[in-house]
Number of protein chains: 2
Amino acid sequence: MDDKLFDARYEEYRVAVEEHLSRLFTDDVPWKKLNEAMRYSVLSGGKRLRPVLTLEVARLAGIRDWHNALPFACALELVHTYSLIHDDLPCMDNDELRRGKPTNHVVYGETLATLAGDALQPEAYRLIAEAPRLDAKAKIEAVAALAWASGANGMVAGQVLDLTDFGRDEASLRLLHDKKTCFMIKCAAELGCAAGRASIAVCEATQTYAAHLGLAFQIQDDLLDVVGDETTFGKPIGSDREEGKTTYVDLLGVDGCKAEVQRLTDEAIAALDGIGDTDFLITFAKKLANRDK
Amino acid sequence: MDDKLFDARYEEYRVAVEEHLSRLFTDDVPWKKLNEAMRYSVLSGGKRLRPVLTLEVARLAGIRDWHNALPFACALELVHTYSLIHDDLPCMDNDELRRGKPTNHVVYGETLATLAGDALQPEAYRLIAEAPRLDAKAKIEAVAALAWASGANGMVAGQVLDLTDFGRDEASLRLLHDKKTCFMIKCAAELGCAAGRASIAVCEATQTYAAHLGLAFQIQDDLLDVVGDETTFGKPIGSDREEGKTTYVDLLGVDGCKAEVQRLTDEAIAALDGIGDTDFLITFAKKLANRDK
C-alpha cells in the first residue's frame, strides 16, 4: 500500500481512538483524582497499535462502519494501559519513565497508581458491554477474548514469568513473550473479528497474522533496547540488561534478531493469503518491522 | 424462615460456591505460583455472602436450576477477593491479617499479591462469558453490572475516598460506603436477576433490598470493629480507629449504629413486599443484622 494512503488511514483510526478515549473519565466527582490518574496514562500518547489493528480487522471483516468497533478497540487499550501502570510500579519493574514521561506512580503516588490500574480493567469491560451498535453475541466473544488474553493464563502469566527467574532459553523466553505481549496483540484481531462478525477464514488469517506480528514486535523491542536511540525510543536504552533480564538479543544476537523479525513478518503476511483487501495489514507489518520506536 | 431450613439452604449454596471456586486455577503451569497466590485468597473461607445472595435471587427469579448461576456468583466473589488482596497491600491499608490468616502479600510478597489481584479481575469476566447454560443477553447484563459496581464509579471510587482525606460527615461516609461496599452487594442481586431473567418487579425489589442490606452490613462492620471479639471477627479490633478512619460509630455512637442497622434491615425486608417466596432473604437480612463476625 502507498505510504501516504497507509498513513492517512492509520491517522484516521488513531485520531478516532484518541477522541473516544479522551471522552472517558471526565466527570467532576469527589474521587476525581482517580480520573486524573487514569487519564494521565490513557492519554499519554502511544502508537495505539492494538486498537488500530482492531479497527482495521473489523473493517476487513465487513463491519458496516468501523467506528462501531471503537468501544472494543478502546477497551483493549484500557487493559493495555492498566498493565503498563502496574508494570512500572515499585514492586514490579520500578520504572520512572514511560514514553519519555514520568510514570503514573511517580506523578500520583503508588496507592493511586495501583487503583487507577485496578479501575481500568472493569472500565474496559464496561466499554464492551455498553457498545451501542454491536450485538450481545459479539460483545460476549469480545469479553471472552479480552479476559483470556489478559488473565491468569495470558498477560499476567507473562508478567509472573518476567519477574521470576525464568526465560533463560529461547523456548522459555518465547512462552514469556507469547503470554506477555503476543496474546494482547492477537486479541486485537479477535476483537476486530468479533465486532465485524468475521468469517472463519478471516478469523484464522488475521489472528495468525497478529500472533506472528506480536512476536516480531517484541523481538524488535528487545533490539531497540540495545541499538535504539533513547530520545526516539522514549525509555532508557539498556534497561533490560540493567535489570538482568534475558532478551532475544542475548540469545540470537543483533543480526539473528533482525533475521527473526523479518521471518516472522513474512509469516504474518503469508497468513493473509487468500483473503482480500489486506494491503493495510501488509504495510502495517512491514512498518512495524522497520520501526525505531 | 425456620433456622434449620435457612441454614441448610445457605450451606447448600455455600458448598456449591466453594466447590466451583476450588476447581479454578489448578493447572500445573510454569507460572503456578500465581495460581497458588490466587487460590490462597479465593479459598480462604469467608461467608460467601455475595454469591449466596446471587444464587438465592436467581432461584427467586425463577431460574430452572440455581446451579446454572454459579459462574456469575463466583465471578463476583473473584472480584471481591481481588479487592481484598489489593486493599491489604502495603500501599493501601497495609494489613497483615485477614480472616485470621496472614494476608496475601505477607505470604507471597507484594509483587505476586498485586498480580494475583490483577489476574482475578479478567478471570471473573471469563467465568461470566463462558458460563455454559446462560444466554448472551444474560451474560452481557452481568458483565455490565459487575464492571459498573467494581469500576471507577463504584468500588474503586470508594477505595479512593477511603484512602484520601474524606468521609468526615455522614453524607460523605455514606457515599464512601455506597461505593466501596453497597455497590458490590447490590451487584450480587443484579447478577442473580440477570441469570434468572427476573421480572422488573423482582429486579426492583431484590436490588433495593440488597442496597439497604449493604449499608446495614457496613455499619455492622464498623460496630464490630469497636465492640466485637477479635478471635470471632478475624481481624484486630479497633483497627479503623488506629488507622484514623471515621466510622459510623464516630458519627452515630454505638446505640445509634444499632438502631440504624435495624432501620436499614427493616427497609430491606419491606422492599421485598409484593413478591413471593422471600423467606430466605428475610431471614438472611435478620441474621446479618445480628452477626458477630
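Not measured: the values here are computed from a predicted model.

Caption draft 1: The overall build of chain A, seen in detail. Helices and strands together make up the secondary structure of chain A, namely 13 helices and two strands. If one aligns the C-alpha atoms of chain A with their principal axes, the spans along those axes are about 55 × 50 × 35 Å. Here chain A holds 293 residues, and 55% of them are scored as buried. Sequence separation of at least 24 residues holds for 71% of the intrachain contacts in chain A that already meet a minimum separation of 6.

Caption draft 2: Highlighting the interface of chain B and chain A. The interface is formed by 44 residues belonging to chain B together with 44 residues belonging to chain A. Those elements giving two or more residues to the side of chain B that touches chain A turn out to be helix 2 (32-42), helix 5 (104-129), helix 6 (136-150) and helix 7 (155-163) of chain B. With 12 residues, helix 5 of chain B is the single largest residue contributor to the side of chain B that touches chain A. Looking at the side of chain B that touches chain A residue by residue, the class counts come to 27 nonpolar, nine polar and eight charged.

Caption draft 3: Representation of the nonpolar core. Ranked by internal contacts, the top residues of the largest apolar core, which has 207 residues, are A:Leu34, A:Leu146, B:Leu34 and B:Leu146. Apart from the residues lying within four places of it in its own chain, the contact partners of B:Leu34 are A:Ala152, A:Val156, A:Ala157, A:Val160, B:Leu112, B:Leu115, B:Ala116 and B:Ala119.

Caption draft 4: Up close: the relation of the copies chain B and chain A. Each copy superposes on the other: chain B lies on chain A with an RMSD of 0.0 Å after a rotation of 180° and an axial shift of 0.0 Å. Look at the turn and shift together and you get a two-fold axis relating the two. Considering only C-alpha atoms, the residue of chain B closest to the rotation axis is B:Ala136, which sits at 2.8 Å. A high fraction, 100%, of the interface residues of chain B reappear at the interface in chain A, so the copies pair face to face through one surface.

Caption draft 5: Focus on the packing of helix 3 (residues 49-61) of chain A against helix 4 (residues 70-88) of chain A. Residues and elements named next belong to chain A. One way to put it is that helix 3 packs onto helix 4 with a least axis distance of 8 Å and a crossing angle of 160°. The angle between helix 3 and helix 4 places the two elements in the roughly antiparallel class. In terms of crossing hand, the pair formed by helix 3 and helix 4 is right-handed. Residues Arg50, Pro51, Thr54 and Leu55 of helix 3 form the contact with helix 4, whose participating residues are Phe72, Ala73, Cys74, Leu76, Glu77 and His80. Partitioned by chemical class, the residues of the contact of helix 3 with helix 4 number six nonpolar, two polar and two charged.

Caption draft 6: Layout of the packing of helix 6 (residues 136-150) of chain A against helix 6 of chain B. Between helix 6 of chain A and helix 6 of chain B, the shortest axis-to-axis distance is 9 Å and the interhelical angle comes to 55°. Classed by the angle they form, the pair helix 6 of chain A and helix 6 of chain B counts as oblique. Between helix 6 of chain A and helix 6 of chain B lies a crossing whose hand is left-handed. Where helix 6 of chain A approaches helix 6 of chain B, its residues A:Ala136, A:Lys137, A:Lys139, A:Ile140 and A:Val143 are matched on the opposing element by B:Ala136, B:Lys137, B:Lys139, B:Ile140 and B:Val143. Along the lines of polarity and charge, the residues of the contact of helix 6 of chain A with helix 6 of chain B split into six nonpolar, no polar and four charged.

About the cut-offs
Residues numbered from 1 in each chain as written. Chains lettered and ligands numbered in written order. Predicted model: local features only at pLDDT ≥ 70, side-chain atom pairs only at ≥ 80, totals over all residues. Helix = DSSP H or I, 4+ residues; strand = E, 2+ residues; numbered from the N terminus. Buried ≥ 20, exposed ≤ 12 C-beta atoms within 10 Å, placed from the backbone. Contact = placed C-beta atoms within 7 Å. Nonpolar A, V, L, I, M, F, W, Y, C, P; charged D, E, K, R; others polar. Core = buried A, V, L, I, M, F, W, Y, C linked by C-beta atoms within 7 Å. Least-squares fit on C-alpha atoms with pLDDT ≥ 70 in both. Axes fitted to C-alpha atoms, helices over the stretch in contact; angles between N-to-C directions. Parallel < 35°, antiparallel > 145°, perpendicular 65-115°, else oblique. Left-handed = near helix turned anticlockwise from the far one by under 90°.

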